[in-house]
Amino acid sequence: MKKLALLILLFVLAGASAQAQNIVKSLERNVPGQGKVTIHQDPRIEAMIGMERLATGEQKVMKGSGFRIQAYAGNNTRQAKNDAYRVSSQVKVYFPELAVYTSFNPPRWLCRVGDFRSIEEADAMMRKMKATGVFKEVSIVKDEVNIPL
């Protein structure tokens, strides 16, 4: 009985979060002849409903679900760290327009590339990367991406 109550509570909370996000978006739209509503709220509220907006330098971005291309995944050695940064440099040489994210997610070093909203966009770029002959072991991974506003 407790498991069923917990499950129902989780569904209600997930639905409330999705509904809140839809309410904010529906209020912010601009309909000709009906006026325009602008919502000013604390960025922490947006983060709570999954619409976190960050300012990176001059450009504002929104965090969201998307895809990246994993160009390297190693273990937790010094050599793996060097390899991750080497792959990162190679990506910047061949594809300077792409954002490159090199990080240590225990227990491994990762080098991921791009901020793609759809798997089709990521696949097209992955094919270009493979075509260079330099990036052989690339794959598409689901990740939180930066979406320009």
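As the structure is a prediction and not an experimental result, all values here were calculated from the model.

Participant: Give me the lowdown on the pairing of strand E5 (residues 100-105), citing residues and values where you can.
Facilitator: It is a general feature of regular strands that their side chains alternate between the two faces of the sheet. Judged from the six bridges that link them, E5 and strand E6 (residues 108-116) form a sheet pairing that is antiparallel. From the neighbouring strand, Asn105 faces E6, where its bridge partner is Arg108.

Participant: Tell me about the pattern of salt bridges, and please be specific about residues and values.
Facilitator: Applying the stated criterion to the full structure yields five salt bridges. Two residues, Arg68 and Asp115, come together in a salt bridge whose shortest N-O distance is 2.7 Å. Pair noted here: Arg68 is in strand E4 (residues 59-73) and Asp115 is in strand E6, with a separation of 47 residues, a long-range link. With relative accessibility at 6%, the residue Arg68 sits in the buried group. Using a relative accessible area of 27% as the deciding quantity, one classes Asp115 as partly exposed. In this structure, Arg68 and Asp143 form a salt bridge, with 3.4 Å as the shortest nitrogen-oxygen distance. On the criterion of sequence distance, the pair formed by Arg68 in strand E4 and Asp143 in strand E7 (residues 139-148) is long-range, its members being 75 residues apart. We classify Asp143 as partly exposed; its relative accessible area is 23%. Put simply, Arg68, Arg112, Asp115 and Asp143 are held in one network by salt bridges that share partners.

The rules we used
- Residues numbered from 1 in each chain as written.
- Predicted model: local features only at pLDDT ≥ 70, side-chain atom pairs only at ≥ 80, totals over all residues.
- Heavy atoms only, no water.
- Pairing = 2+ DSSP bridges.
- Helix = DSSP H or I, 4+ residues; strand = E, 2+ residues; numbered from the N terminus.
- Salt bridge = Lys/Arg side-chain N within 4 Å of Asp/Glu carboxyl O.
- Buried < 20%, exposed > 50% of the residue type's maximum accessible area, 1.4 Å probe, protein only.

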